[in-house]
Each structure stands twice: as structure tokens, then as C-alpha cells.
Protein chains: 2
Amino acid sequence: MKMVEVAAGKTRIGWLGTGVMGRWMCEHCMNAGFQATVYNRTVSKTDPLRAKGARVAGSPREVAQDSDVVFSIVGFPADVREVILGPNGALSGLQAGGIVVDMTTSEPSLAKEIFEAARARGIHAVDAPVSGGDVGAREARLSIMIGGDAAAVKALDPLFRAMGKNISYMGPAGSGQHTKMVNQILIASNMVGVVEGLLYGYRAGLSLEAVIAAVGAGAAGSWSINNLGPRIIKRNFDPGFFVEHFIKDMGIALDEARRMGLSLPGLALANQLYLAVKAQGHARLGTHALALALERMNNVEMKPR
Amino acid sequence: MKMVEVAAGKTRIGWLGTGVMGRWMCEHCMNAGFQATVYNRTVSKTDPLRAKGARVAGSPREVAQDSDVVFSIVGFPADVREVILGPNGALSGLQAGGIVVDMTTSEPSLAKEIFEAARARGIHAVDAPVSGGDVGAREARLSIMIGGDAAAVKALDPLFRAMGKNISYMGPAGSGQHTKMVNQILIASNMVGVVEGLLYGYRAGLSLEAVIAAVGAGAAGSWSINNLGPRIIKRNFDPGFFVEHFIKDMGIALDEARRMGLSLPGLALANQLYLAVKAQGHARLGTHALALALERMNNVEMKPR
């Protein structure tokens with residue numbers, strides 16, 4: 001199957017979804033010498049990229065008609081389906097040999113469906129969800145977990161290297177999404193432990209700053225306790241990563257696990273607790289707002305002291 | 001309240017419990033210039049210390065009669081009670097001004113009881129559980145979490161520094177134990193996430209080594225995924241830290257939480273899953289043997305591939 005050559009100054013990229021993540025990721029590719037055409041549902045969010053020289057198109061299809069490689073990073077699997085597989089989606093506009101790269105955290109099964117639909121048109125499809133959040137995107141320090149054909153993934157290397165640091169090829173279509181699901185499964189139960197540990201320490205009368213210093217460097221240490229723990233203590237629940245997106249991710253992981261015949265009780269519990277966070281109106285706070293739900297459940301508030 | 005002076009070459013220490021942890025901790029104190037008298041229920045376990053010049057006594061009381069500062073690190077809270085508060089316990093043999101230091105992971109409420117009983121005899125009591133396991137003990141790299149009166153804790157500094165690196169004074173009697181409970185609460189839910197994440201990745205067909213490399217350095221990273229994950233993949237379930245001791249610790253944390261009026265659903269779930277590990281006959285494996293219980297529950301085995 002033929003494939004476009006990927007090289008700075010030559011390959012035209014397209015970008016679907018220029019929000020808090022995509023805006024920076026696309027900009028890094030442009031800075032690396034790739035000309036870009038972009039699309040976003042809310043057009044005003046394309047302004048910063050337009051100011052840097054990107055062309056703005058009116059649909060994913062129009063983006064694809066002017067691109068060799070089209071990236072997407074949008075909200076939910078339904079959005080991925082629309083911007084790639086829909087009647088005005090990227091696959092309808094790309095030439096044979098083109099590459100479509102979905103970087104949304106989405107369903108592994110949808111990644112496989114896109115891969116098959118693309119292949120039927122002579123197009124390469126890669127799933128490449130990321131971790132590292134808006135800060136990782138801005139600083140080009142994302143972790144990228146990649147599934148798809150090895151040749152296409154290898155060709156994309158200069159583009160991935162413009163956006164991220166820890167770039168992992170994980171296997172065939174869907175493997176990037178599956179790896180991201182593992183990432184979210186690890187975070188889900190760990191966040192439950194982080195919040196419960198802090199609540200216990202608070203009720204026991206300990207200084208939570210001192211607790212984190214005492215336990216965070218040893219066997220109980222994790223990125224979450226050391227990075228989100230201090231934010232919880234300071235009552236700063238700004239996202240980081242939105243509760244509503246994390247609930248989406250856990251839902252995908254639970255669906256996939258059910259399909260694989262796997263019972264994951266820790267993930268199921270975390271998911272239920274996060275649904276309580278959302279029920280309490282905190283869907284647009286960061287994942288560490290799990291503390292608010294466990295506080296309310298326990299009728300306690302970890303007031304600074 | 002008077003207090004013994006703590007200085008190498010002068011202060012006599014006693015050591016109750018010379019197992020996989022205590023044996024090394026006592027030896028480090030001896031290497032730092034403190035003369036030691038030791039006791040262990042199974043006398044043969046005192047042999048290595050005897051060979052280094054320790055005196056072996058027949059009871060905790062006899063140890064205390066020849067010591068200024070008595071350390072204990074034994075199995076369960078009932079053992080702590082016996083060797084410190086019992087009729088032949090350390091408190092019955094120490095002079096006024098002496099210090100008793102329990103380094104077992106034990107009940108915060110028992111630590112407070114010991115503190116009060118000691119004070120009634122003019123004796124100082126400190127709770128100082130550790131983390132870092134037998135390797136941390138051997139290499140004098142333990143984390144030590146300390147509760148008790150600040151003056152006694154300060155006096156003990158040269159002894160703690162002989163055994164550990166991250167030495168944290170956490171507050172009044174029981175605070176060391178409470179901090180260790182936070183440590184165990186963090187580990188409990190995180191281990192559930194680690195095992196569920198690996199199981200998901202295995203069933204999704206991913207290379208688990210590649211998964212750990214892809215996710216272990218980012219927001220999903222933790223000591224457990226990076227240190228115990230590889231052991232799970234290699235099917236090496238040697239302890240580390242015994243399942244049966246971890247179950248003891250979770251039981252203490254759940255009891256204390258109940259007493260404080262705290263509902264901790266993640267810890268409760270982890271505790272139940274670890275009871276299944278024990279039910280399957282794995283009480284003397286390491287905590288990462290949680291993988292075996294979730295594998296059996298799911299009728300899957302993560303065979304190396």
C-alpha cells in the first residue's frame with residue numbers, strides 16, 4: 001500500500017480539534033516545518049494557529065483534501081467517528097497513501113474500525129493517544145502511545161517527536177488506545193488511595209504536607225500523591241485533566257474489559273466514585289476533585305490548618 | 001521528666017525482635033557505637049547479632065534492665081503489647097528516664113496506651129514504624145515515621161540516622177503509626193490499580209514490559225508499577241512485604257478509620273481482595289501476589305510471551 005513521504009517543508013498536515021491540547025500539538029508541528037490546515041467546531045479556537053500561519057478550513061473533509069497527514073484530537077468517541085468516518089470526515093477527503101492519526105483518548109474498537117475503513121480506501125490509520133495534559137502539550141513533553149502498522153508509525157516519527165518525549169509503539173491498530181486504558185486504570189485506583197490516605201491523615205490530626213514528605217518518596221509514592229496531593233491540600237481543584245473526560249475514559253475501559261471478559265472491581269469502584277463527583281456538579285474540575293466527593297460522603301472537609 | 005542521654009559509646013540499647021528487619025536495624029546501631037542487649041522469641045535468630053558482640057537476654061524485661069533505650073520490632077499488635085506492656089515486658093525493666101521505641105507497624109491507639117503507661121513510670125515512649133522492607137533495613141535506607149514527645153524523638157536522632165534516610169517527626173504519640181497507615185492506604189488501592197492495569201493490558205494483547213515503559217514515567221507512574229510490575233510479569237512473587245502483614249496493617253487502618261467515623265471504600269475493597277489472596281494460600285508471598293487472586297477470579301494467567 002503506498003504511503004506519503006513525511007518530511008518537514010514538504011508534507012502538508014491537517015489538524016482536527018484545536019482545543020487546549022491540539023492547539024499546542026499542531027503549533028509544535030508547524031514550528032518543526034510542517035504547513036498546516038486546521039478545523040475546529042468552534043471556529044474562534046483556531047485563531048492562535050491562524051495567527052501563526054495555519055490555513056483554516058470549513059470541515060474535516062476540506063482539511064483532508066489539502067493534507068497528506070491528518071491528526072485529530074477531539075472530545076468523545078462520537079466526535080472521533082464524525083470527524084474521521086462521517087460524511088464530511090477526513091477519510092472522505094484524503095488521497096490514497098495518506099495517513100490519519102487519531103490522538104483522542106477513544107475506544108480501541110473504534111480505532112480498529114477506523115483502521116479497516118481507512119485501509120479499504122488505501123489510507124493508513126494510526127491511533128496515538130497521549131498523556132501529559134495541557135502542560136505536556138504546551139511544553140512538547142507528551143507521552144504518546146501508538147497503535148497501527150509499523151511502517152506508518154515510523155514515517156510519523158518526526159511529527160511525534162515534535163510533540164512528545166516518551167513515544168511508544170505498542171503494536172497493531174487499537175494498541176495505543178489499549179495502552180492509554182492501562183494508564184487510566186492505574187490512575188483511577190491510585191487516585192482513590194490518594195484521597196482516602198489524605199482523608200485518613202487529616203482526621204488523624206496529621207500535617208498533610210508532612211505526610212506527603214514522609215511517604216511520597218518510598219513504596220507509597222506515585223505521581224498522583226506527589227503532584228495532585230499538594231493541590232488537594234491547597235484546595236486547588238483546577239484541571240489538570242477534567243473529571244468528565246476521565247469518566248469517559250473509565251467508561252471505555254470498563255466496556256472493553258467487559259468485552260474481554262475481565263472483572264476489574266477497583267476500576268468499577270473508582271468509576272462509581274467519580275460519577276458521584278460529577279453528580280455533585282464538579283465535572284469540569286480536575287480529577288483530584290475526587291477528594292470533594294469523599295469529603296462529602298464522610299461529612300468532613302480537609303480545611304488547611 | 002528526666003531522660004537518659006543518648007550518645008555512642010555510652011548509651012546501652014536493647015532490641016526486641018531480631019527478624020528480617022530488626023536484625024539489620026540493631027546491627028546498624030551497634031556499628032554506630034551502641035552496645036546492645038537483644039531478645040527474640042526464637043533464640044536462634046539472635047545468633048548473627050551475638051556474633052557481632054550483642055548480649056542475648058532471656059526476656060524483654062531482662063533486656064530492659066540492662067538498657068537505656070529499648071527498641072521493638074515484632075509481628076502483630078498483640079506481640080507489641082506483650083513485649084512492652086506484659087508482665088515480663090520492657091516497661092517492667094526500664095529505669096525512669098529510659099526510652100522505649102516501638103518500630104513495629106501497629107495500632108495508633110496502642111501507641112497512645114504505651115505512651116501513657118510509660119509516662120506513669122517516668123519512661124518516654126516513641127512510635128516509629130518504618131517503610132522500606134528488608135532491603136531498606138539492610139542498607140540503612142528505611143523511611144521512619146515518628147510519633148511521641150519532641151524531646152525524646154530529638155534525643156534518638158543518632159540512632160534513627162544509623163538505620164534510615166527519610167526520618168519524619170509527625171507529632172504526638174500515635175502519629176508515627178497514623179502516618180504509616182496513610183502509607184499503607186496509598187499502597188493498597190494503588191496495588192489494585194497496578195494488577196488490574198496489567199491484567200487489562202495482558203488480555204488486550206500488549207507487551208506488559210512495553211506498557212510499563214510507556215506509562216510508568218508519567219501521571220500513571222508509581223513505585224509499585226515500576227518496581228513490583230516487572231516482578232509480576234516475571235512471575236516472581238517472593239516477598240518484599242508479606243501479604244499477611246499487609247492484611248494486618250489494612251485491618252488496623254480500617255479499625256482506626258471506623259473509630260474516626262471514616263468510610264474508605266477503596267481500602268475496604270483492597271482488603272477484601274487481599275483476603276482472597278490469603279484464602280488461596282498465598283499469605284507468605286509478597287503483596288504483588290494480589291495478581292494471583294485477580295487472575296484466578298478472572299480465570300486468566302499472565303503467562304510470559
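On a predicted model such as this, the values are computed, not experimentally measured, just so you know. (Residues numbered from 1 in each chain as written. Chains lettered and ligands numbered in written order. Predicted model: local features only at pLDDT ≥ 70, side-chain atom pairs only at ≥ 80, totals over all residues. Heavy atoms only, no water.)

**Student:** Mind showing me how you'd approach the relation of the copies chain A and chain B here?
**Tutor:** What connects the two chain copies is a rotation about an axis and a shift along it. Its rotation angle being 180°, the transformation that places chain A on chain B also includes 0.0 Å of axial translation and leaves an RMSD of 0.0 Å. Taken together, the rotation angle and the small translation identify this as a two-fold axis. Both copies contact each other with a shared surface, as 100% of the interface residues of chain A are interface residues in chain B too. (Least-squares fit on C-alpha atoms with pLDDT ≥ 70 in both. Contact = heavy atoms within 4.5 Å.)

**Student:** What is the right way to look at the interface of chain A and chain B in this model?
**Tutor:** Buried accessible area, meaning the area lost when the parts come together, often serves as the stated size of an interface. Listed per partner, the contact involves 59 residues of chain A and 59 residues of chain B. Around 4,700 Å² of area is buried between chain A and chain B when both sides are counted, 68% of it from carbon and sulfur atoms. Across the contact surface, chain A and chain B share 0 salt bridges. Linking chain A with chain B are 16 residue pairs in polar contact (both at pLDDT 80 or more), by the criterion used here. (Buried area = accessible area lost by both parts, 1.4 Å probe. Salt bridge = Lys/Arg side-chain N within 4 Å of Asp/Glu carboxyl O. Polar contact = N/O pair within 3.5 Å; in protein donor to acceptor, adjacent residues only side chain to side chain.)

**Student:** Looking at this structure, I do not really get helix H15 (residues 290-298) of chain A. What am I missing?
**Tutor:** In an α-helix there are 3.6 residues to a turn, and that puts residues three or four apart on one side. Residues and elements named next belong to chain A. Burial analysis of H15 places 7 of its 9 residues in the buried class, which makes it a mostly covered element. Among all positions in H15, only Leu290, Ala291, Leu292, Ala293, Leu294, Glu295 and Asn298 are buried. Remark: Asn299 follows H15 within two positions and exhibits a positive phi of approximately 55°. (Buried < 20%, exposed > 50% of the residue type's maximum accessible area, 1.4 Å probe, protein only. Helix = DSSP H or I, 4+ residues; strand = E, 2+ residues; numbered from the N terminus.)

**Student:** It is not clear to me how unusual backbone geometry should be interpreted in this structure. Could you clarify?
**Tutor:** Generally, phi is negative for residues other than glycine and the peptide bonds are trans, each holding for most cases. Even without glycine at this site, A:Asn299 takes up a positive phi of about 55°. Using a relative accessible area of 72% as the deciding quantity, one classes A:Asn299 as exposed. The backbone of B:Arg235 shows a phi angle near 60°, a positive value even though the residue is not glycine. Within the secondary structure, B:Arg235 sits in the loop between helix H12 (229-233) and helix H13 (243-260).

**Student:** What am I meant to see in the environment of A:Leu198 here?
**Tutor:** Residue and element names in this part refer to chain A. Within the secondary structure, Leu198 is located in helix H9 (residues 175-203). Owing to a relative accessible area of 2%, Leu198 belongs among the buried residues under this scheme. For the pair Leu198 and Met302, spaced 104 residues apart in sequence, the C-alpha separation works out to 8.5 Å. For Leu198, the contacting residues outside a window of four places in its chain are Leu208, Ile212, Ile225, Gly229, Ile232 and Met302.

**Student:** Even after reading the chapter, I still don't get the environment of B:Ile233, so can you show me in this structure?
**Tutor:** Residues and elements named next belong to chain B. Considering the arrangement of structural elements, one finds Ile233 in helix H12. Under the relative-accessibility criterion, Ile233 is labelled buried at 11%. In this structure the C-alpha to C-alpha distance between Ile233 and Leu208, which are 25 residues apart in sequence, comes to 7.1 Å. Aside from chain neighbours lying at most four places away, what touches Ile233 is Leu208, Glu209, Ile212 and Pro304.

**Student:** When you look at the packing of helix H14 (residues 265-279) of chain A against helix H14 (residues 265-279) of chain B in this model, what are you seeing that I'm missing?
**Tutor:** Helix-helix packing is characterised by the crossing angle of the two axes and by the distance between the axes. Two numbers describe how H14(A) lies on H14(B): the axes approach to 10 Å, and their chain directions differ by 165°. Here H14(B) runs roughly antiparallel to H14(A), going by the angle between their axes. Here the hand of the crossing between H14(A) and H14(B) comes out right-handed. Packed against H14(A), whose contacting residues are A:Pro265, A:Gly266, A:Leu269 and A:Leu273, the element H14(B) presents B:Pro265, B:Gly266, B:Leu269 and B:Leu273 at the interface. (Axes fitted to C-alpha atoms, helices over the stretch in contact; angles between N-to-C directions. Parallel < 35°, antiparallel > 145°, perpendicular 65-115°, else oblique. Left-handed = near helix turned anticlockwise from the far one by under 90°.)

**Student:** Any chance you could explain the domain arrangement of chain A here in plain terms?
**Tutor:** Residues and elements named next belong to chain A. As far as domains go, chain A holds domain 1 (12-173) and domain 2 (179-298). Between domain 1 and domain 2, the C-alpha centre-to-centre distance is 29 Å. Counting residues at the interface gives 14 residues for domain 1, matched by 12 residues for domain 2. Taking both sides of the interface into account, the surface hidden between domain 1 and domain 2 amounts to around 1,000 Å²; carbon and sulfur atoms contribute 65%. Per-residue buried area on domain 1 facing domain 2 is highest for Phe76, Thr105 and Met145; these three make up 41% of the total on that side. Summed over the shared surface of domain 1 and domain 2, the result is 6 residue pairs in polar contact (both at pLDDT 80 or more). Sorting the residues of the side of domain 1 that touches domain 2 by element identifies helix H5 (108-120) and strand S7 (130-131) as the ones contributing at least two each. (Domains from an automatic or database assignment.)

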